[in-house]
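# Examination of the molecular architecture
Listed below are the residues making up each chain.
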Amino acid sequence: MLMLSENVSLLSHNTLKLQANARWYAELHKPADITDLRSDPRVKQLPMTILGEGSNVVLHADIPHLVVRPLMRGKAIIEALEDGALIECQAGENWDDLVRWSLDQGLYGLENLSLIPGSVGAAPYQNIGAYGVELSDLLDSVMACSVVDGHCRRFTRDQCCFGYRDSFFKSHEPGQWLVTSIRLRLSRYPRLRLEYADLQHRFESLPESQKTPEGLRSLIIALRMSKLPDPAELANVGSFFKNPVVNEQLYSQLRQRFPDLVAFSQGGGHYKLAAGWLIEKAGWKGRRLGSVGMHEKQALVLVNYGGATAAEVQELAAAVVQSVWALFAVLLEQEPVNFPVL
Ligand code: EPU
C-alpha cells in the first residue's frame, strides 16, 4: 500500500544531518507507485524530489512539494555471460550490500567501490567512483521512470552520458527520472584494479593468500575508514567538492608556484587537481566555523559537528571556494546535490 505522509522531517534521511521538512513524503516499493502518486489529487501536480539514502545531498530548506524514497528491493543474476554474468539490482538496495553480495557470488569488478555510502538507485546519478574505478566501467543499463507520468524506459550505458561524477540523470534532465534498477556486467575472473598508487603499495605488502578480490575489498574498506569520517559518527556527505580539471597553461603556472601540487594528467592537456590538497594548502584542513568544519584527515570532506544549519554549511563552503580561488585561481564546484534546487 502506498502511504503518503504530510510534513515529514528529513533529519534522519540525510547524512549531513540538516533539518528540513518535506511537505509530502512517500516510500515507493514498485515502479507503478509513481503512477499512483500522479493520480492522487493531493500531489498529482507537485514537483517530485527523489531522495535515496541522502548521502550526497545538501538540504537547504524545507521541500514544499513531494519527496519520494525508492525502496524497491532485490538483486539477482539474470544472465550468464561468456566470462561472467549480468546482474540486476533494484534501486532501494544499499550499495555496499550489493558489492558484498557480488563477491559472495564469485562475481568481480565492484571491489574498489566498497563502502561507498548510499543506495543503488543513486549510484548512476553521480556515477560513483573510487580508487580508479567508476560505476560506468561496469554498468550495462539503467531502468528509470519519468516522474511526470510514470512511464519507464531502459537507458543503455551510452544513453546515460556518464562523466566524472556526472550523468544524463544529474545534468541533462535533472529531476526528471527516477532510477528503479540497474544492470551490471561482472566478471568470473578477478581483474584487480590497482592503478591508485597508495592501494597498489598496500596490496603488494599483503600475504599471497590475501591477494584476492576479497582482500582488495578489505583493503579499500580499511583505507576509507582511515581517511573518511563514518557518517553515522560524524555527519558528512563525502567529498564536498569535485576535483577540478584545469588546462595545461594553468597547470604549469601552478606547478611552478607550488612544486608539491597534487595533479593527475587526464590526457589532451588537461589535469585533475586534488581538491583536498588545494583546500589544505589554503589553510582549511581541520578548521572549524561554528558547527561545521573541513575534516582533519581529509580536507575535502565538510563535516557537521552537530546541529549545523544549511546557512552555516553554505557560509563555510563559500569561504573555502573563495580562499582556493584567491590562492590558485581555481574554481571549486560543489559535488553533492542541493535540495531544493538553488
Ligand atoms: N590530499 C591532501 N590533503 C587532504 C586530502 C587529500 O593533500 O586533506 C591530497 C593527497 O595528496 C592525496 C590526494 O589529495 O593523495 C587525493 O586524495 P584522496 O586519495 O583522498 O582522494 P580525493 O581525490 O580527495 C576522490 C574522490 C573520493 C574517493 C577517492 C578515492 C572526488 C570528488 N572524490 O577523493 O570520493 O573516495 O578519490 O578514489 O572525486 C566522494 O565522492 O564522496 C568520495 C569520497
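Quick note: structure is the one above.
This section reports on the structure supplied with the text.

Each value, and the rule that gives it
Residues numbered from 1 in each chain as written. Predicted model: local features only at pLDDT ≥ 70, side-chain atom pairs only at ≥ 80, totals over all residues. Heavy atoms only, no water. Core = buried A, V, L, I, M, F, W, Y, C linked by side-chain atoms within 4.5 Å. Buried < 20%, exposed > 50% of the residue type's maximum accessible area, 1.4 Å probe, protein only. Helix = DSSP H or I, 4+ residues; strand = E, 2+ residues; numbered from the N terminus. Domains from an automatic or database assignment. Contact = heavy atoms within 4.5 Å. Pairing = 2+ DSSP bridges. Disulfide = S-S within 2.5 Å.

On to the nonpolar core, then. Ranked by size, the top nonpolar core spans 57 residues in total, and within it Leu 37, Trp 95 and Leu 184 carry the most contacts. Examining the composition of this core, we find that six residues originate from one element, strand E12 (residues 177-187), more than from any other. Three or more residues apiece are contributed to this core by two domains, here domain 1 (4-70) and domain 2 (75-187). With near-sequence residues (within four places) excluded, Leu 37 lies in contact with Leu 2, Leu 4, Ala 26, Leu 28, Val 43, Lys 44, Met 48, Leu 66 and Val 68. Membership of the second largest hydrophobic core comes to 48 residues, among which are Leu 254, Ala 299, Ala 317 and Val 330.

Moving on, we get to the pairing of strand E6 (residues 75-81). Strand direction decides the pairing type here: E6 and strand E7 (residues 84-90), joined by six bridges, are antiparallel. Bridging across to E7, Lys 75 finds its partner in Cys 89. Counted between consecutive antiparallel strands, the loop separating E6 from E7 contains two residues.

Taken as a whole and assessed by the stated rule, the structure comprises one disulfide. Two residues share a disulfide in this structure: Cys 145 and Cys 152, whose sulfurs sit 2.2 Å from each other. In this structure, the disulfide formed by Cys 145 and Cys 152 twists by about 95° around the S-S bond and is classed as right-handed. Cysteine Cys 89 is unpaired, with the sulfur of Cys 160 as its nearest cysteine sulfur at 15 Å. According to the relative accessible area criterion, Cys 89 is buried, its value standing at 1%. The thiol sulfur of Cys 161 is not disulfide-bonded, and the nearest other cysteine sulfur, from Cys 160, lies at 7.6 Å. Of the residues examined, Cys 161 reaches a relative accessible area of 32% and is grouped as partly exposed.

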